[in-house]
Amino acid sequence: MKLKDEINKRRTFGIVSHPDAGKTTLTEKLLLFGGAIQEAGAVKSNKVKKGATSDFMEIERQRGISVATSVLGFEYKDIKINILDTPGHKDFAEDTFRTLTAVDSVIVVIDVAKGVEEQTEKLVEVCRMRNIPMIVFINKLDREGKDAFDLLDEIEQKLNLKVTPLSYPIGMGYDFKGIYNIWEQNVNLFTGDPRKDIEETIEITDLNTPDLDELIGSDAANNLREEVELAQGVYPEFDQKAYKEGHLQPVFFGSALNNFGVRELLDCFVSIAPTPLPKESEERTVQPTEEKFTGFVFKIHANMDPKHRDRLAFVKIVSGKFERNVPYLHVRHNKKLRFSSPNAFFAEKKEIVDVSYPGDIVGLHDTGNFKIGDTLTEGEEINYRGIPSFSPEHFRYINNADPMKSKQLEKGIDQLMDEGVAQLFRLELNNRKIIGTVGALQYEVIQYRLEHEYGAKCTYENLNVHKACWIEPEDEKSEEFKDFKRVKAKFLAKDKRGQLVFLADSQFSLQMTQQKYPSIKFHFTSEF
Ligand code: G4P
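1. Some thoughts on the overall build of the protein chain
A count of helices and strands for the protein chain gives 14 helices and 31 strands. In the protein chain, which comprises 528 residues, the share counted as buried stands at 56%. In the protein chain, the share of contacts with a sequence separation of at least 24, taken over all contacts with a separation of at least 6, comes to 70%.

Shown next, in the form of structure tokens:
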């Protein structure tokens, strides 16, 4: 098959949601449709159970599961689909943000009763900023929830999206009868109670047909007619271009648990979702159809087996053909590396692959060469953009608790930071190390892993920091910048790349500082 045909066959996406909205259940149902798994319950939830902060086994369990579910590949209707896992727990949000740099589209799952929740808001904001095409799936229609119009309105308001329903529920909760599929123009009905299976799919090209009254009763039929008419009046018609550019989000309704509305979602997804997209690098835009291979590391899993110090670097292929045993340029190190056993990912297993194409993810065994964001090419020196660090929300000093093991500690911290578990800053004043994380749980993870994988012990000390901001002066030689560095010396640190960071101790002091030094820019991500 030609490269172009391989590319057209692929869809790589992520499912984002607030925990408990039904991401795992939906993933599982998608895999069942693809024949990739045989029974429900096969996909493990990557959720962190309650109280996990003090339960180290839980941390390991979580890590094990996130390796297993990092990439779930399956085929449906001759399309090769890769689902990239995105942890819903907010302490792992940064991992999710990075994974979003490797997807070509997303499906957003929303609980019909809870509506738009906090994590959904944050994740959708990142997708919106990047114009990632999104489809919304409103889940748990078998339960009483919010009115469909109210929900669509809430999604537009809170998530700042422009939606158009492509399916519409017939009733809800106890009265949930089925779905009118606007996209395919048919009606799918449940078999009474328990609402387990789809009774039949009935073509209804005209909602005014009396057949509809017979099928679902006159009241429900009239209700549906009214609501669909209203929806079509209020919401724009679906437009694939607007969807692909991230300006219009189609909405589906269903119940993942009951496997209802999922096939409609999947059928529409394979027909409208984008094939692997071009990607910006520092130097130029790279098209997937370019013959030469390029790719970037968006995730690293390390030391699953403490006896073998091996890590698995997840590489998204952006262009060309990736082949086993061919030497590729590791651009940051300027050295050639070859991979004898690259992994491809299927539903629950990984296998060695000889060739992979744009949209695919390969897992490369690594002994410490890779860092998140690294680029691999056939020789061209390009660097892919778009794996930013976000300003952490928690900050603590990290101290060595065993002076005999300081080397191990250094190495451990270094490698965990490369993996993206947290961010390391060094205070300019005294070189003390500060660990910044998105969630408090990471401190437990780091302490545990340093001890178990590197034989090093650490303690933490609280540090009052509100936000870390990356500093960009208009003119490094200006008096203003010199004054800033002198006055704020106590609050300045360097990140791992040597970029200057200001550690503001409160929102107020940050505002005051911004006002006092107008020629300095304060950024909340490392990408500017
Ligand atoms: P997550 O990955 O987004 O965190 O959510 P997950 O799929 O684990 O689903 C969270 C809970 O919601 C699960 O129940 C799941 O069974 C339930 N659920 C998912 N889809 C539907 C649906 O369409 N209707 C209804 N009524 N429930 C749904 P749980 O009790 O937390 O877990 P479990 O013991 O059932 O696995």
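More follows now that the structure is in view.
2. Overview of helix α5 (residues 118-129)
With 12 residues, α5 extends 17 Å between its outermost C-alpha atoms, agreeing within 8% with the 16 Å of an ideal straight helix rising 1.5 Å per residue. When α5 is considered as a whole, its buried residues turn out to be Gln-119, Thr-120, Leu-123, Val-124, Val-126 and Cys-127. Within α5, the buried residues cover an arc of 155° as seen down the axis, which keeps them to one side. Check the buried side of α5 and you find it contacts β1 (10-17), α4 (93-99), β4 (105-111), β5 (134-139) and α6 (148-159). Asn-131 sits one or two residues past α5 and shows a positive phi near 55°.

3. Side note on the environment of His-365
Its location among the elements puts His-365 in strand β22 (residues 361-366). Setting aside chain neighbours within four positions, we find His-365 in contact with Asp-310, Arg-311, Leu-312, Phe-339, Ser-341 and Asn-343. At a separation of 3.2 Å, a polar atom in the side chain of His-365 contacts the side chain of Asn-343.

4. A closer look at the site of the ligand
Near the ligand, the surroundings consist of 17 residues, among which Asp-20, Lys-23, Thr-24, Thr-25 and Ser-255 are the closest. Contact between the ligand and Asn-139: an oxygen atom at 3.1 Å from a side-chain N or O atom of the residue. When the free accessible area of the ligand is taken as 700 Å², the share hidden by the protein chains comes to 67%. A per-element tally of the shell around the ligand places helix α2 (residues 23-33) first, with 3 residues. Its residues assigned to classes, the shell around the ligand comprises 4 nonpolar, 7 polar and 6 charged.

5. Structural notes on the layout of surface pockets
There is about 710 Å³ of room inside the second largest pocket. Lining the second largest pocket are 30 residues, and of these Thr-101, Arg-130, Pro-278, Lys-279 and Glu-280 sit closest to its centre. Elements with a minimum of two residues in the lining of the second largest pocket: α5, β12 (279-280) and β15 (311-319). Ranked by the residues each element gives to the lining of the second largest pocket, the list is headed by β15, at 3 residues. Split by residue class, the lining of the second largest pocket holds 15 nonpolar, 6 polar and 9 charged. Composition of the lining of the second largest pocket by domain shows at least three residues from each of domain 1 (11-70 + 84-272) and domain 2 (279-377).

6. A short note on the sheet that holds β5
Two modes of strand pairing occur in sheets, parallel and antiparallel, and in both the strands are linked by backbone hydrogen bonds. Strand order across the open sheet formed by 7 strands is β2-β3-β1-β4-β5-β11-β6, with mixed pairing between neighbours. The open sheet is flanked by β2 (71-76) and β6 (163-165), the only strands paired with a single partner. Each neighbouring strand pair of the sheet contributes to a mean axis angle of 30°, computed without reference to strand direction. Two elements, β1 and strand β3 (residues 79-84), share 5 bridges in a ladder whose sense is parallel.

7. Digging into the sheet that holds strand β28 (residues 467-473)
Judged by pairing direction, the sheet is antiparallel, and its 8 strands sit side by side in the order β27-β24-β26-β25-β29-β30-β28-β31 without closing on themselves. Each edge of the sheet is formed by a strand with only one pairing partner; in this case those strands are β27 (458-462) and β31 (520-523). Pairs of neighbouring strands in the sheet enclose a mean axial angle of 40°, with direction left out of account. In this structure, β28 lies alongside strand β30 (residues 500-504), joined through 4 bridges in antiparallel fashion. The residue bridging Trp-470 from the neighbouring strand is Val-501, located in β30. Docked against the sheet, helix α14 (residues 507-516) engages β28, β30 and β31, running at close to 130° with respect to β30.

8. Considerations on the pairing of strand β8 (residues 178-181)
Burial of the side chains of β8 extends over both faces: Gly-178 and Tyr-180 are buried on one face and Ile-179 and Asn-181 on the other. Bridge count for strand β7 (residues 167-170) against β8 is 4 bridges, and the pairing is antiparallel. Considered in β8, the bridge of Pro-169 is made with Ile-179. Pairing analysis gives 4 bridges linking β8 to strand β9 (residues 186-190), with the strands arranged antiparallel. The residue bridging Ile-179 from the neighbouring strand is Asn-188, located in β9. What sits between β8 and β9 in their antiparallel hairpin is a turn of 4 residues, with Gln-185 showing a positive phi close to 55°.

9. Comments concerning α6
For α6, built from 12 residues, the straight-helix expectation of 16 Å at 1.5 Å per residue is met to within 8% by its first-to-last C-alpha distance of 16 Å. Ala-148, Phe-149, Leu-151, Leu-152, Glu-154, Ile-155, Glu-156 and Leu-159 are the residues of α6 that are buried. Taking the backbone nitrogen of Phe-149 as reference, a side-chain oxygen 3.1 Å away marks Asp-147 as the first, capping residue of α6. Of the residues trailing α6, Asn-160 is marked for its positive phi of about 60°.

10. Re the environment of Asn-462
Residue placement: Asn-462 occurs in strand β27. Residues Asn-462 and Ile-434, 28 residues apart in the sequence, show an inter-C-alpha distance of 9.7 Å. Ignoring anything within four residues of it in the chain, the contact list for Asn-462 reads Arg-396 and Tyr-397.

Basis of the calculations
Sequence order as written defines the numbering, with residues in each chain counted from 1. Given that this is a predicted model, residues contribute local features only at a pLDDT of at least 70 and side-chain atom pairs are listed and counted only at 80 or more, while totals for whole chains, interfaces and linings are drawn from all residues. Note that water and hydrogens are dropped before the side-chain values are worked out from all heavy atoms of the structure. Comment: elements are numbered from the N terminus, with helices defined as DSSP H or I runs of at least four residues and strands as E runs of at least two. Relative accessibility under 20% of the residue-type maximum defines a buried residue, over 50% an exposed one, and the middle range a partly exposed one, all with a 1.4 Å probe and only protein chains included. Contacts are residue-level and defined by heavy atoms, with any inter-residue pair within 4.5 Å sufficient. The span one expects for a helix is its residue count, reduced by one, times 1.5 Å. Here the arc refers to the directions that run from the helix axis out to each C-beta atom. In the analysis that follows, any N or O atom pair within 3.5 Å is treated as a polar contact, provided that within protein one partner can donate a hydrogen and the other can accept it, and provided that, for residues neighboring in sequence, both atoms belong to side chains. Proximity is defined per residue: any heavy atom of the residue falling within 4 Å of a molecule or strand makes that residue near it. In this description, accessible areas are obtained by the Shrake-Rupley approach with a 1.4 Å probe, and a residue is regarded as covered only by the protein chains that are shown. Three classes are used, and their members are as follows: Ala, Val, Leu, Ile, Met, Phe, Trp, Tyr, Cys and Pro are nonpolar, Asp, Glu, Lys and Arg are charged, and the others, Gly among them, are polar. Points on a 1 Å grid, built from protein atoms alone, make a cavity when a 1.4 Å probe fits but cannot get out and make a pocket when they are open with protein on both sides within 12 Å along at least 5 of 7 lines; residues with an atom within 4 Å of a point are the lining residues. Grid points are joined across faces, edges and corners, and a volume is the space filled by probe spheres set on the points. All domain edges in this entry derive from an automatic or database-based domain assignment. For two strands to count as paired, DSSP must find a minimum of two bridges between them. Fitting a line to C-alpha atoms yields each axis, with helices limited to the stretch in contact; the angle taken between N-to-C directions then spans 0 to 180 degrees.

Without other data, these values stay purely geometric and don't point to any function.
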